[in-house]
Amino acid sequence: MSRNSSLFSYLSSARKLRAIVGGLSLLAVSSAAQAQAVASDPAGSGPIVAALGWLQGTLLGNVATAVAVMAVAAVGFMMLTGRLNWRFGATVIIGCFVLFGAGAIVSGIQSASGAG
């Protein structure tokens, strides 16, 4: 086993896709919970909604911005040195668009379905 290989590289592409979809669904759930807070919440759900709101703020705030900047910088450096798998580079860029556009994506889906 090589020292430079990461745990993520040993996962199959299906598992990687499941991990990405799981992370995105977590963002969607927190957005849905935030949207439901405006309407009517079941009794006793205040702390859960507050925790999900905090998680969404953390994931879409300064932490996400810093991680996205480092990821894009790493991809740019790998492109500069000629060591980039272009599929990985595109995945990072698309992931940033999905992460920061999650609210707009959910709003579009809700308006298309007539729920919002």
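From a predicted model like this one, the values you see are computed outputs, not experimental measurements. (Residues numbered from 1 in each chain as written. Predicted model: local features only at pLDDT ≥ 70, side-chain atom pairs only at ≥ 80, totals over all residues. Heavy atoms only, no water.)

Once that is clear, we can look at the overall build of the protein. Scanning the protein for helices and strands turns up six helices and zero strands. When the helices and strands of the protein are listed from N to C terminus, the series reads α-α-α-α-α-α. Expressed as a percentage of its 116 residues, the buried residues of the protein come to 16%. Within the protein, counting contacts between residues at least 6 apart in sequence, those at least 24 apart form 40% of the total. Taken as a whole, the protein presents about 8,500 Å² of accessible surface, with 69% of it coming from carbon and sulfur. (Helix = DSSP H or I, 4+ residues; strand = E, 2+ residues; numbered from the N terminus. Buried < 20%, exposed > 50% of the residue type's maximum accessible area, 1.4 Å probe, protein only. Contact = heavy atoms within 4.5 Å. Areas by Shrake-Rupley, 256 points an atom, 1.4 Å probe, with all protein chains shown as cover.)

Assignment of secondary structure puts Asn85 in the loop between helix 4 (62-81) and helix 5 (86-100). For Asn85 and Val75, which are ten residues apart along the polypeptide, the C-alpha to C-alpha distance reads 9.3 Å.

It is worth spelling out helix 5 at this point. Here helix 5 spans 22 Å end to end across 15 residues, near enough to the 21 Å set by a 1.5 Å rise per residue. Residues of helix 5 that are buried include every one of Gly89, Val92 and Cys96, and no others. When helix 5 is viewed along its axis, its buried side chains cluster within an angular range of 60° and face the same direction. Across helix 5 from its buried face, at more than 90 degrees, point the exposed residues Trp86, Arg87, Ile94 and Phe97. Those residues of helix 5 hidden inside the fold are in contact with helix 4. (Expected span 1.5 Å × (residues − 1). Arc of directions from axis to C-beta.)

This part is about helix 6 (residues 102-113). Each full turn of the α-helix corresponds to 3.6 residues, which orients residues three or four apart in the same direction. Between its first and last C-alpha atoms helix 6 spans 17 Å; for twelve residues at 1.5 Å apiece the expected length is 16 Å, and the two agree. Gly114 sits one or two residues past helix 6 and shows a positive phi near 85°.

This part covers a nonpolar patch on the surface. The grouping of Val63, Val67 and Met70 at the surface amounts to a nonpolar patch, some 290 Å² of accessible area in total. Topologically, Met70 is positioned in helix 4. (Patch = residues over 30% accessible without salt bridge, like charges linked within 9 Å, V, L, I, M, F, W, Y side chains within 5 Å. Salt bridge = Lys/Arg side-chain N within 4 Å of Asp/Glu carboxyl O.)

Looking now at the packing of helix 4 against helix 5. Two numbers describe how helix 4 lies on helix 5: the axes approach to 10 Å, and their chain directions differ by 160°. Between helix 4 and helix 5, the angle falls in the class roughly antiparallel. Like other packed secondary-structure pairs, helix 4 and helix 5 cross with a definite hand, here left-handed. Contacts between helix 4 and helix 5 pair Ala64, Thr65, Ala68, Ala71, Val72, Val75, Met78 and Met79 from the former with Trp86, Phe88, Gly89, Val92, Ile93, Cys96, Leu99 and Phe100 from the latter. (Axes fitted to C-alpha atoms, helices over the stretch in contact; angles between N-to-C directions. Parallel < 35°, antiparallel > 145°, perpendicular 65-115°, else oblique. Left-handed = near helix turned anticlockwise from the far one by under 90°.)

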